[in-house]
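Residue-level structural notes
If you want the building blocks of each chain, they are given just below.
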Amino acid sequence: MKEKFAQWDTLFVLYLKRDWKKIIVWILGIGLFSAAFVPAFEEIAKGQGLLGMYETLQNPAMISMVGPTPVETASDYTLGAMYAHEMLLFCGLFAMIIAALHVVSHTRKEEDLGLSELVRSFQIGRQANSFAAIVETIFINVLLAFFIGGVMMSFGADTISAEGSFLFGASVGFAGIIGAGIALVMAQIMPTSSAATGSALGIIGLLYIVRAGTDVSNVDLSMFNPLGWAYLTYPFTENNWTLLFFAFIFGLIMVVIAFALEGSRDMGAGYLPEREGRRYAKKSLLSVRGLFIKINKGVMISWLIAFILMGVAYGSIYGDMQTFLESSEVMKQMFSSSGVSIEESFTSTIMMVMIGLVSILPIAIVNKLFTQEDRSLLSQIYATKVTRTQLFWTSIGLAVFAGLVGILLAAGSLGGTAISAMGDSSTMDTLDFLVAGYNFLPSVLFFIGLAALALGWSPKLGKVVYLYLGYSFVINYFGGILDLPEWFSKTAIQSWIPRMPMENFDTPIFITITVISIALMAIGYLGYSRRDMIEGT
Amino acid sequence: MTEIVNVQGLQKSFGKFRALSDVSFTVNTGEVVGFIGPNGAGKSTTIRILLGIINREAGDAEIFGKDTWKDSLEIHKRISYVPGDVTLWGNLTGGEIIDLFLKLHGGGDKQKRDSLIKRFELDPKKKAKGYSKGNRQKVGLIAALSVNSDLYIFDEPTSGLDPLMESVFQEEVEKIKESGKAILLSSHILSEVERLADKVVIVRQGEIVEAGTLDELRHLTRSTVTIEAEGDVAEMASVNGVFNFKQKDNQATFSANNQYLNDILMEASKLGVKKFESAPPTLEDLFMRHYEG
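None of the values given here were measured: they were computed from a predicted structure. (Residues numbered from 1 in each chain as written. Chains lettered and ligands numbered in written order. Predicted model: local features only at pLDDT ≥ 70, side-chain atom pairs only at ≥ 80, totals over all residues. Heavy atoms only, no water.)

Observations regarding the overall build of chain B
What chain B contains, in helices and strands, is ten helices and 14 strands. Projected onto its principal axes, the C-alpha positions of chain B cover 70 × 45 × 40 Å. Taken across its 293 residues, chain B has 52% of its residues classed as buried. Sequence separation of at least 24 residues holds for 68% of the intrachain contacts in chain B that already meet a minimum separation of 6. Carbon and sulfur atoms make up 46% of the accessible area of chain B, which totals about 12,800 Å². (Helix = DSSP H or I, 4+ residues; strand = E, 2+ residues; numbered from the N terminus. Buried < 20%, exposed > 50% of the residue type's maximum accessible area, 1.4 Å probe, protein only. Contact = heavy atoms within 4.5 Å. Areas by Shrake-Rupley, 256 points an atom, 1.4 Å probe, with all protein chains shown as cover.)

Details of the interface of chain B and chain A
The interface is formed by 38 residues belonging to chain B together with 37 residues belonging to chain A. Buried surface at the junction of chain B and chain A, both sides included, amounts to about 3,400 Å², of which 61% is carbon and sulfur. Counting across the interface, chain B meets chain A through two salt bridges. Ionic pairing is found between Arg278(A) and Glu96(B), a salt bridge with its closest N-O pair at 3.9 Å. Of the residues belonging to the side of chain B that touches chain A, the class tally is 17 nonpolar, ten polar and eleven charged. (Buried area = accessible area lost by both parts, 1.4 Å probe. Salt bridge = Lys/Arg side-chain N within 4 Å of Asp/Glu carboxyl O. Nonpolar A, V, L, I, M, F, W, Y, C, P; charged D, E, K, R; others polar.)

Description of the domain arrangement of chain A
All names here are of chain A. Per the domain assignment, the segments making up chain A are domain 1 (9–36 + 88–273) and domain 2 (284–536). Relative placement of domain 1 and domain 2: their C-alpha centres are 29 Å apart. Tallying the contact residues gives six residues for domain 1 and seven residues for domain 2. The contact between domain 1 and domain 2 buries some 570 Å² in all, and 80% of this surface belongs to carbon and sulfur atoms. (Domains from an automatic or database assignment.)

Side note on the nonpolar core
Counting 232 residues, the largest nonpolar core has Phe168(A), Tyr208(A), Tyr314(A), Tyr318(A), Trp89(B) and Phe154(B) as the members making the most contacts within it. Considering each element in turn, this core owes the most residues, 17 residues, to helix 6 (residues 79–106) of chain A. Not counting chain neighbours up to four residues away, the residues in contact with Trp89(B) comprise Leu291(A), Ile295(A), Gln372(A), Leu377(A), Leu378(A), Ile381(A), Ile97(B), Leu100(B), Phe101(B) and Ala128(B). Ile227(B), Ala252(B), Ala256(B) and Ile264(B) belong to the second-largest nonpolar core, a separate cluster that totals 13 residues. (Core = buried A, V, L, I, M, F, W, Y, C linked by side-chain atoms within 4.5 Å.)

Remarks on the confidence of the model for chain B
Per-residue confidence for chain B averages 88 on the pLDDT scale, and 98% of its residues sit at or above 70. Scoring of the predicted complex yields 0.72 for pTM and 0.76 for ipTM. (pLDDT = per-residue confidence, 0-100.)

Some remarks on the domain arrangement of chain B
All names here are of chain B. Assigned domains within chain B: domain 1 (3–218) and domain 2 (221–292). On a C-alpha basis, the centroid separation for the pair domain 1 and domain 2 is 38 Å. The interface of domain 1 with domain 2 comprises 15 residues on the first partner and twelve residues on the second. Between domain 1 and domain 2, the buried area comes to about 1,100 Å², and carbon and sulfur atoms account for 66% of it. Applying the counting rule to domain 1 against domain 2 returns zero salt bridges. Put simply, domain 1 and domain 2 have zero residue pairs in polar contact (both at pLDDT 80 or more) between them. Of all elements in the fold, only helix 7 (190–196), strand 9 (199–204), strand 10 (207–213) and helix 8 (214–220) reach the threshold of two or more residues within the side of domain 1 that touches domain 2. Broken down by element, the residue count for the side of domain 1 that touches domain 2 peaks at four residues, all from strand 9. (Polar contact = N/O pair within 3.5 Å; in protein donor to acceptor, adjacent residues only side chain to side chain.)

Quick word on unusual backbone geometry
Note: most residues except glycine have negative phi, and most peptide bonds are trans. Residues and elements named next belong to chain A. Residue Pro501 is bonded to the preceding Met500 through a cis peptide linkage, with omega at 5°. The topology assignment puts Pro501 in the loop between helix 25 (486–489) and helix 26 (507–530). Positive phi, close to 65°, is recorded for Gln7, a residue that is not glycine. Take Gln7: it is sitting in the loop between helix 1 (2–5) and helix 2 (8–35).

Observations concerning the packing of aromatic side chains
Residues and elements named next belong to chain A. Inspection of every chain in the model, using the stated rule, returns 30 aromatic pairs over all chains. Between Phe392 and Tyr528, the ring centres sit 5.5 Å apart and the planes meet at 35°, which makes this aromatic pair tilted. On the criterion of sequence distance, the pair formed by Phe392 in helix 21 (residues 388–422) and Tyr528 in helix 26 is long-range, its members being 136 residues apart. Look at Tyr528 and you get buried, because its relative accessible area is 0%. Here the aromatic residues Phe5, Trp8, Phe12, Phe131, Phe139 and Phe259 are joined through ring pairs into a cluster of three or more. Positioned above the aromatic ring of Trp496 is the side chain of Lys490, whose terminal nitrogen or guanidinium carbon lies 4.9 Å from the ring centre. (Phe/Tyr/Trp six-rings, centres within 6.5 Å; stacked < 30°, edge-to-face > 60°. Lys NZ or Arg CZ within 6 Å of the ring centre and 35° of its normal.)

Observations regarding the sheet that holds strand 13 (residues 251–257) of chain B
All names here are of chain B. As summarised here, the arrangement of the four strands in space is 12-13-11-14, forming an open sheet in which the pairing is antiparallel. Two strands close off the open sheet at either side, each with one partner strand: strand 12 (242–248) and strand 14 (273–279). Strand-to-strand twist of the sheet, defined as the mean angle between neighbouring strand axes without regard to direction, takes the value 15°. In this structure, strand 12 lies alongside strand 13, joined through five bridges in antiparallel fashion. By the bridge assignment for strand 13, Gln247 is matched with Ala252. (Pairing = 2+ DSSP bridges. Axes fitted to C-alpha atoms, helices over the stretch in contact; angles between N-to-C directions.)

Thoughts on the pairing of strand 7 (residues 151–155) of chain B
Residue and element names in this part refer to chain B. Of all five residues making up strand 7, five are buried, and the element is well covered by its neighbours. Burial of strand 7 is two-sided: the residues Leu151, Ile153 and Asp155 facing one way and the residues Tyr152 and Phe154 facing the other way are all buried. Where strand 6 (residues 79–82) and strand 7 come together, four bridges link them in parallel fashion. Residue pairing in the sheet places Ser80 in a bridge with Tyr152 of strand 7.

A few points about a nonpolar patch on the surface
Residue and element names in this part refer to chain A. A surface patch of nonpolar side chains, amounting to about 410 Å² of accessible area, comprises Leu206, Val210, Ile301, Ile305 and Leu309. Of all the elements in the fold, those that place two or more residues in the nonpolar patch are helix 11 (193–217) and helix 15 (288–315). In terms of residues, the nonpolar patch owes the most to one element, helix 15, which gives three residues. Inspection of the secondary structure puts Ile301 in helix 15. Given the relative accessible area of 47%, Ile301 is considered partly exposed. (Patch = residues over 30% accessible without salt bridge, like charges linked within 9 Å, V, L, I, M, F, W, Y side chains within 5 Å.)

Focus: a positive patch on the surface
On the surface, Lys283(A), Lys385(A), Lys103(B) and Lys110(B) cluster together to form a positively charged patch. Examined against the element boundaries, Lys385(A) turns out to sit in the loop between helix 20 (379–382) and helix 21. (Lys, Arg positive; Asp, Glu negative; His and termini not counted. Charge placed at Lys NZ, Arg CZ, Asp CG, Glu CD.)

Details of the packing of helix 15 of chain A against helix 18 (residues 342–358) of chain A
Residues and elements named next belong to chain A. For the pair helix 15 and helix 18, interaxial distance at closest approach is 11 Å and the crossing angle is 165°. Here helix 15 lies roughly antiparallel to helix 18, going by the angle between them. Helix-helix and strand crossings are classified by hand; for helix 15 and helix 18 the assignment is right-handed. Between helix 15, through Phe307, Met310, Gly311 and Tyr314, and helix 18, the contact on the second element is made entirely by Phe346, Ile350, Met354, Leu357 and Val358. In the contact of helix 15 with helix 18, the residues fall into eight nonpolar, one polar and no charged. (Parallel < 35°, antiparallel > 145°, perpendicular 65-115°, else oblique. Left-handed = near helix turned anticlockwise from the far one by under 90°.)

As structure tokens, this is what we get:
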């Protein structure tokens, strides 16, 4: 024992000191996001609000996004029930992702950076670092759980009971612990820290997508999903504390597995071997384009796979829609009166969501050029006949290509799965899906344009483009539910684009946004071609 | 002998920090110019301006008679560069990166590459993230030395290399020099500069404080003399051109101004000299003189 965990407490205290700012932002960020929207939901609940929301959220598309509710009649749908229904899954997901990133950054990342080597040279146990990191993460999630419970209760809303509030908090906290457990296992298996982060996030994403499918088809199956042990606790209605026990057991098993794996591996090595590389470069690498493809390949492939999975997950819901429609008179009326089929309505919403996610990849590719510049990776390349024009436009070109392929895969896999799920009753063909997807191409180009602008004039702001993407994503995602004023929702670029197939294609808008985006890229290029390169200063 | 690099009155600031206030020097064909100075003196900034990575605020910087900012691509066809801290893409192997650099530079000698890989004892099949500092440096050096250029710019190229590899590098630089190429060598390893450089430029806080051949620089300074005599060596202390006199029994050490060397010898000869050693100042002495003073 001593050999393994000696002085873990010292490291634990050190981590709290090192991370205190991060911990505060973490707890305040997720905590307030989880708990502080009670007044906003009280607004929504006024009048017929609860009833309308209940019907809206019975739509399989909505269930696939926010999860199910145990409430069976609209009259039992209280404020608390609605709050847990709409918020818990997302809050749990965020908690998981943050915890997973944190665990990898304190375990495997430190090994890769060579920090562990120094730490291990002192009288520190072999596994003390991992133990300290996981204890810290659990500690933070416990604080988070109490913080959320306390804040929610403090609003004193009728149906937001103390028990429910703390169950809500505990569910989010346990989601974080599950995420930490998964990440700790991946940190042992994978050959590098970036692979560990990637695979942990991939697993979390997969769990989310799988549950979208099982929530719509059969909620009982979601109970086998580790993510389900956090978001299916149904605070304020069923208050199902026992699920948290499963979450606890799962977390414990993950940690035990991780420690067993760590105990028999060398520092800096994983269980998946690293292959021996090439002595000489392949011809395909030997150009700026070849190099950029190579260094972006990992992130491109994983995102493209994620797009396909996403399309398949949402596409598989289409089969259940008709059944759902027949079961609800209100919804049936709603759709028959508007003259739009439920499939078309769903497609237009989900397409916007998916293309929003597709935009992440091109932004990442453009930002990568600055990351490389900042880390001095390009120093020796600047001194060759390679021009800045080449570096810039190759990056932009690759980003546009990734956007085109991303839309193709997302829309194509959605359409393909949807059509096969609907069988004979299908009212749309694959082309309709692809057209609906490429309809949003200007928005993807716009984000590339923004990233290019930042790259040319103020490269440190490249990350802000993600913020704007997140902002417009939220506006679009919740815009329908929250009934925002027109000018406000227009601050998100996608709001300008008509939602096909429900609305008609708008050629002037398509061309205008495309031209603006290309102009942004050109302006970015002007900056890039004449600014000083930064190189870590 | 033609002028390859010509830098005049270079100035550059980063925000409020004045990195370069007045830097001027030249590098000619067949010449190794040692560019020395402490950390933060402006060596790398100067080199980045020469490479067109950043732009100067005032002054002129020309390579092959062309402007380093406006005509950087023309210039880049004929130069090789190794930074002091070579950073590499972790998921590519050393061999792949060398090939990439050769290709982006434009050609390069495959045989030369293979022989350098052997001489520097680099394992080209390893992914770059597994390389130590010295091995990353080797990748940069092999890539730069395998191509045929007219000007080589090295920014502390041997940092992290072991002494054996250092001398491999020095041999390669000597070969390049013999073939009439120009070399700008920024280095902290003064013995390396001393061995290779024909001319030395010392920069301090963004200004050139000394420039010239090593001989010229040495001439301006004092030699260190150690003398042991039968008579009282204390008498030497009052001779013209003697400084920093230190005595221990009948042995003394002092700095001697080279132009008074004859007077000093005459005086010494009266004392019954048992030992007389005169050492020229090392580059380190020159360097220290500028930084301590």
